[in-house]
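Chain by chain, the residues:
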Amino acid sequence: MIISARRLLARLRDVMAGTDALQARLDKIVRLIAAETVAEVCSCYVVRPGDVLELFATHGLNPGAVHRTRLRMGEGLVGQIAATGRPTAISNAPEHPNFAYRPETGEDPYHSLMGVPILRGGQVRGVLVVQNQHRRIYHEEEIETLQTIAMVVAELVAGGVPAEPGSAAASQAAAQIMPARLVGIRLNAGLAMGHAVLHRPVLTVREMVADDPEAELARLRGAVGTMQDSLDRLLAGSALVEHEESRDILETYRMFAQDRGWLARIAEAIRTGLTAEAAVQRVQNDTHARLAHLPDHYLRERLLDLDDLANRLLLHLSGRASAAFGTLPEDAVLVARSIGPAELLDYEESRLRGLVLEDGSATSHVSIVARSMNIPVVGRCAGAMSTIEPWDPIIVDADNGNVLVRPAEDVQELFARTMSLRAARRRAREAETSLPAESKDGVRVSLHMNAGLLADIPHLAATGADGVGLYRTEIPFMVRSNFPDVTEQTRIYREVLDQAGDKPVMFRTLDIGGDKLLPYLKEEPVENPALGWRAIRIGLDRPALLRQQLRALIRAAAGRTIGIMFPLVSEVAELDAARALLTKELERARHQDERLPERLKVGIMLEVPALLWQLDALLPRVDFIAVGSNDLLQYLYACDRGSAPVAQRYDPLSPAALTMLRMLVGRCAEAGVPISLCGEMAGRPLEAMALIGIGFRQLSMVPGAIAEVRAMIRSLTVSQLERYLDRLMSGADHSLREKLRGFAMDRGIEI
Ligand code: PEP
Ligand code: MG
């Protein structure tokens, strides 16, 4: 059987362009497909809310089963096609282990089955199936033709056809110009206002079928030409020279863009009767079906690159490329389904005002990078990519986890006023960078900053921070596609120390694993990544990795002071093992006549509660302790720090957490070991106040928080707070937050 894709497409277009209701059109389409493919049955299943596949139209099966037969994703052959997103062709379906018999459909006599997913925007919207009575083998071209047809059907199913007035699709189109409020969670506090820029937007193709393939091929050639020119210009752009990673990505793009196979497949799809846009989408669907299920992280990343490239080509075809890839608005609010730290760094930092993510968690690395850029971030914001249009005015109210899309003018004015008040307050505080962080009763607190990028270091001077209390060395690792070698690491650490000058820097050795995955470090997926193979555990199991890093740190510090700390140490024996590696590296450096650091301070991140019961052995072995309260509290409360439903369940300002921390501060004081805290709570004025109240005299936080915390300290009388807290610590409260807030308000403490 040879199906003429072009003839079938042309006839489909007539049905699509008709004015019939959706059901009538689908009924016609399944009849048409059955006739053209010489199949006894053609059925269309559509994904319904709750991930259920509903039989929506059929030619050949029992009409009474329409809207009655429902399958779960993964159930039966149809469910399997939907779950995997891959086509299937079977000559004897009833014998297949996945066959799910549904008596109401009357499908007993049909043996052969060919089914393809109905894909749109990378998502499965349904399944298109043909069945034959006799056992037959479906050819590759037939599967491909059915996939092309499914793409056209996808438009109909997704409501992509021109909306009839008053229909649901029409009201959805109208909603694109109405104000909307999206709710997510706060990943980095703050307010921002600007214009939306969509990261890797998913473009929907409306015109599917073309009459003149030659004209479409000419359009394709034109668009490929302009796309290649713009990629060349981007590659030549001086701004990218600094980001080697971006160059790698762009080189990959250029490679794909010139890839004959890719372009030839698009041209071939055009010859079957598709428009150039539909052909690009068709080839992309195929590539997804082939590659999306690969376990290899690297290949899946490349698939994202290819998606991006296909999107670029679609934009060039539509003539909208300059709007999408032209200069960023001055006040860009980036909206993304998900985005990696390297990609975020590709955007011009000075123009980025805020970030809205459909996924993301507070501890994901992109949040950490965004925090260091000091931009408000709202995450888990469902529907952002489909609701927000490029250049939409947008307000990111990250404090409340809200995103206001196309807000009314009075709302914009209100936020603008609040933002300018805040900015004035911030400016006033920043003017105080040279003032000491000293309380009214003369208690000095040392304020340090957390960093992870070279670009963070200038904040040392700008904020008046006393040093870098936590340098997250994994961030440069996360933005690369392979391990930086010793030379590269040495270069980075040396640059950090050079820029920091006299101010101390505490380098934390690699804290990878958990949610911080490196694409090039193979890890088996585990149930509980936070409790899994991460941080020092990886370092001790892969000593070469840790030793290389220690070697680079020693070399970078030649003749200077350096702090090195190990993350997630759970027992003293681990510290001893890590120190033994450090000693080996120092001996090696000595042997090779390298200049040694003038002073080497060795500490640990206290993040695992077990260590609290080994303080006697621990304290004499360390030069300092840094409390990683993000992790310590998640383990203390058995509460995933990245899980939205429980993230707010326990409060760091609970009597239990504060009592534990106070005990730790007391033990360090007795042993004469300096202690600081560098979790997120250190950067929130109210929490920082409580930490000072229980004895902390050194805190490390995002640079953007230093001015506020300093202002809080300068308005605080520590002795009063200590007395107040003493009375509260033994109480049964869930949290001391409200009481502490009241204390601060009554005394004019700036929280
Ligand atoms: C912490 O756990 O508090 C910490 C500072 O480390 P990270 O957030 O990088 O895990
Ligand atoms: Mg930690």
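What you see is a predicted model, and the numbers here were worked out from it, not measured in a lab.

Moving on, we get to the site of ligand 1. Of all residues adjacent to ligand 1, which total 14 residues, the nearest are Arg472, Arg508, Glu607, Asn630 and Arg641. Within the contact set of ligand 1, an oxygen atom lies 3.4 Å away from a backbone nitrogen or oxygen of Gly628. Out of a free accessible area of 290 Å², ligand 1 has 100% covered by protein chains. Residue assignment for the shell around ligand 1 shows that the elements contributing at least two residues are β16 (468–472) and α23 (629–636). Top contributing element to the shell around ligand 1 by residue count: α23, with three residues.

The subject of this paragraph is the packing of aromatic side chains. Applying the stated criterion across every chain yields a total of five aromatic pairs. Ring centres 4.8 Å apart and planes at 25° place the aromatic pair Tyr724 and Phe743 in the stacked group. Taken together, the residues Tyr724 in helix α28 (residues 718–728) and Phe743 in helix α29 (residues 737–746) connect sequence positions 19 residues apart. The aromatic ring of Tyr650 is capped on one face by Arg649, whose charged end is 5.9 Å from the ring centroid.

Moving on: the sheet that holds strand β1 (residues 41–48). What the six strands build is an open sheet, ordered β3-β2-β1-β6-β5-β4; its pairing is antiparallel. Two strands in the sheet have a free side with no partner beyond their single neighbour: β3 (70–72) and β4 (88–90). Averaged over all pairs of adjacent strands, the angle between strand axes in this sheet comes to 25°, irrespective of strand direction. Relative to strand β6 (residues 123–132), strand β5 (residues 112–120) runs antiparallel, the two sharing nine bridges. Residue pairing across strands places Arg120 opposite Gln123, the latter belonging to β6. Sheet strands touched by helix α2 (residues 22–36): β1, β2 (52–59) and β6. Its angle to β2, the strand with the most contacts, is close to 65°. Its contacts with the sheet place helix α3 (residues 76–84) against β1, β2, β3, β4, β5 and β6, and it is angled at close to 145° to β6.

Now for the confidence of the model for the protein. In this model, the protein carries a mean pLDDT of 86, and residues with pLDDT of at least 70 account for 87%. Long-range and interchain partners of residues 160–171, a stretch whose pLDDT sits below 50, account for 14 contacts in this model, where long-range means more than four residues apart. Overall, residues 238–242 carries pLDDT values under 50, and its contacts beyond four positions in sequence, including any with other chains, amount to six contacts.

Let us look at the coordination of the magnesium ion (ligand 2). Protein coordination of the magnesium ion (ligand 2) is provided by Glu607 (OE) and Asp631 (OD), with donor distances spanning 2.0 to 2.1 Å. One end of the pair, Glu607, is in the loop between β19 (599–606) and α22 (615–618); the other, Asp631, is in helix α23, with 24 residues separating them in the sequence. Both residues of the pair, Glu607 and Asp631, count as buried.

Now for the packing of α23 against helix α25 (residues 655–671). For any two helices packed against each other, one specifies the crossing angle of their axes together with the interaxial distance. At a minimum axis separation of 11 Å, α23 and α25 run at an interaxial angle of 120°. The angle between the axes of α23 and α25 places the two elements in the oblique class. By crossing handedness, the relation of α23 to α25 is classed as right-handed. Between α23, through Leu632, Leu633 and Leu636, and α25, the contact on the second element is made entirely by Ala657, Met660 and Leu661. Class assignment of the residues belonging to the contact of α23 with α25 gives a composition of six nonpolar, no polar and no charged.

Let us now look at unusual backbone geometry. For Val38, which is not glycine, the phi dihedral falls at a positive 50°. Looking at where Val38 falls in the secondary structure, it is placed in the loop between α2 and β1. Of note, the phi angle at Arg380 is positive, near 50°, even though the residue is not glycine. In this structure, Arg380 sits in the loop between β12 (377–379) and α14 (384–387).

Conventions and cut-offs
Residues numbered from 1 in each chain as written. Chains lettered and ligands numbered in written order. Predicted model: local features only at pLDDT ≥ 70, side-chain atom pairs only at ≥ 80, totals over all residues. Heavy atoms only, no water. Near = heavy atom within 4 Å. Polar contact = N/O pair within 3.5 Å; in protein donor to acceptor, adjacent residues only side chain to side chain. Areas by Shrake-Rupley, 256 points an atom, 1.4 Å probe, with all protein chains shown as cover. Helix = DSSP H or I, 4+ residues; strand = E, 2+ residues; numbered from the N terminus. Phe/Tyr/Trp six-rings, centres within 6.5 Å; stacked < 30°, edge-to-face > 60°. Lys NZ or Arg CZ within 6 Å of the ring centre and 35° of its normal. Pairing = 2+ DSSP bridges. Axes fitted to C-alpha atoms, helices over the stretch in contact; angles between N-to-C directions. Contact = heavy atoms within 4.5 Å. pLDDT = per-residue confidence, 0-100. Donors = N, O, S within 2.8 Å, 3.2 Å for Na, K, Ca; no water. Buried < 20%, exposed > 50% of the residue type's maximum accessible area, 1.4 Å probe, protein only. Parallel < 35°, antiparallel > 145°, perpendicular 65-115°, else oblique. Left-handed = near helix turned anticlockwise from the far one by under 90°. Nonpolar A, V, L, I, M, F, W, Y, C, P; charged D, E, K, R; others polar.

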